[in-house]
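The residues making up each chain are set out below.
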Amino acid sequence: MLWRIASLRVWLLGAMVVSAAIGLGGAALVYHALERSREQSEDRAKALGEARTIAAQVQAGADQRRLANLQALLAGDRVTVRRDGRVIFRGPPRTGDRFELQVSAPFPGGVVTLDDYSVLDSRSTLDLVLITGGVLVLVIVAAAVTATVVARAVRVPVGRAIAAAEQVSNGEFGARMGTSGPDELVKLGRAFDGMAARLERADRDQRQFLADVAHEIATPVNSVSGFALALGDGTITGEAQRAEARTLIEAETARLQLLLEDLRELTQLDFAEGVRMTAVPLDPFVRGLAARFTPTAERAGVTLTVKVRDGEATTDARLLETIASNLLSNAIRYTPRGGHVELGVRQHHGGLVLWVRDTGIGIAPEHRERIFERLYRVDAARDRATGGTGLGLAIASRAAHTLGGHIEVESTLGQGSEFRLVLPSLSARRDPRSPDEPAPSHPSTASTATATNSSAR
């Protein structure tokens, strides 16, 4: 690539030299033609005046001697005098001179003809060549400097781009191309650096996610293996201790199963299973979902209500249920006894808005931007105590992204939160963005965050 840029400099230099030579040559020809035309005009006027003077002398009776003296005075001309059809005087022929023009001056009974010759001036031609050569050298130098500057302006950022691309391909996602050079290369640099930043962030998030998953799995596995070994080697002897061990093993096993189910569901969403669009009746959907979560809400001492109107929406019922289930589960988990959770849905401009509103503990502003990240917890100890895996909101966000929508959040610490799934109409939907692309924020009276992919409360 870089050698092509160097050859481009040579081609550019050659093109400028040829253009300069053609331009200077054309200018010299035009200048020469104009100068010759001017000189001919001046010479014609001068020669005509001299011919008329000689004609007046002949008419006055000038003899051969007088005419010879006049001829001698006109070193660059040849005089011919005709009277009554006969040549009565003709100057000597000019040799080595260039014929320029001929003029005639009549007089009674005859005519004077004057042939104008010019002496070839090789010095003026040499001067013109030297001047042209000097200008051409200056043009070549300017062209060389210009070509070098242009090639360097392109070669340097292209070299950086190649080096950065090689680093990224080798897994060094911190490499950056930078933004310098022509506008097109500046745009390329911005796009490349943005891509590298997204790759770096995705790699970091992936490593963190794997580390978090390993930690989440290690805790219950250690508990299960520890109690299993204690039961096996007889360390636990009493019936009450055995019962406690069985209970803890069952609880940790259920926790592992829940984590694996969430991971499996998130993986299926990441691999973009086909979206099956069907007509979903809103009232039966919402009331059926509320009926499924009513026992959980009652055990938590939380009142669950619904707000829905008749109608239907064209969407994927499975993904819609996945989103609503995760939002409801989180709302019930983080709402204290005596609190209230509301599930509602409405049609909006041909699309759909589903919301879950609670009177729970709320979310602090410093956590609000990260609650959709996988395995992120506002309070890890409390979340483990309530049975959460830290993947619920990540699953909901990814499912919303698959449907072409997004989730908005409004929350006030100590007063409650509202999560809204916003799905546009089918005609307004487009292909979902890359999971690493950040979504825009949506301002509101309370602090609002929008997520298109990322974890759980």
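Residues numbered from 1 in each chain as written. Predicted model: local features only at pLDDT ≥ 70, side-chain atom pairs only at ≥ 80, totals over all residues. Heavy atoms only, no water.

Peer 1: Help me understand helix H6 (residues 282-299) in this model?
Peer 2: Residues lying three or four places apart along an α-helix face the same way, a consequence of the helix completing one turn every 3.6 residues. A rise of 1.5 Å per residue sets the reference length of H6, with its 18 residues, at 26 Å; its end C-alpha atoms lie 26 Å apart and thus fit the reference within 8%. Most pronounced at Phe293, the bend in H6 amounts to some 40°, and the proline Pro295 follows within four residues. Among all positions of H6, only Leu282, Asp283, Phe285, Val286, Leu289, Ala290, Phe293 and Ala297 are buried. Of the surrounding secondary structure, the elements contacted by the buried residues of H6 are strand E5 (278-281), strand E6 (303-308), strand E7 (312-315), helix H7 (317-333), strand E8 (340-348) and strand E9 (351-358). In the segment just after H6, Gly301 is the residue with positive phi, at about 70°. (Helix = DSSP H or I, 4+ residues; strand = E, 2+ residues; numbered from the N terminus. Expected span 1.5 Å × (residues − 1). Bend = angle between axes of the 7 residues up to and from the residue. Buried < 20%, exposed > 50% of the residue type's maximum accessible area, 1.4 Å probe, protein only. Contact = heavy atoms within 4.5 Å.)

Peer 1: Can you walk me through the packing of H6 against H7 in this structure?
Peer 2: Axis separation between H6 and H7 bottoms out at 11 Å; the angle between their running directions is 35°. With respect to the hand of their crossing, H6 and H7 are arranged in right-handed fashion. Residues Phe285, Leu289, Arg292, Phe293, Thr296 and Ala297 of H6 pack against Ala317, Leu320, Glu321, Ala324, Ser325, Leu328, Ser329 and Ile332 of H7. Of the residues contributing to the contact of H6 with H7, the split by class is nine nonpolar, three polar and two charged. (Axes fitted to C-alpha atoms, helices over the stretch in contact; angles between N-to-C directions. Left-handed = near helix turned anticlockwise from the far one by under 90°. Nonpolar A, V, L, I, M, F, W, Y, C, P; charged D, E, K, R; others polar.)

Peer 1: What's the story with the packing of H7 against helix H10 (residues 392-402) in this structure? I'm lost.
Peer 2: Any two packed helices are characterised by how steeply their axes cross, that is the angle between the axes, and by the distance between the axes. At a closest axis distance of 9 Å, the pairing of H7 and H10 adopts a crossing angle of 150°. Between H7 and H10, the angle is such that the two are roughly antiparallel. The element H7 and its partner H10 pack so that their crossing is left-handed. Side by side, H7 and H10 meet where Leu319, Thr322, Ile323, Asn326, Leu327 and Asn330 of the first sit next to Gly392, Leu393, Ile395, Ala396, Ala399, Ala400 and Thr402 of the second. (Parallel < 35°, antiparallel > 145°, perpendicular 65-115°, else oblique.)

Peer 1: Teacher, can you tell me more about the pattern of salt bridges here?
Peer 2: Proximity of charged atoms lets side chains of opposite charge pair with each other. In total, this model carries nine salt bridges according to the counting rule given. Look at the salt bridges and you will find they share partners, linking Glu342, Arg357, Glu408, Glu410, Glu418 and Arg420 into a network. (Salt bridge = Lys/Arg side-chain N within 4 Å of Asp/Glu carboxyl O.)

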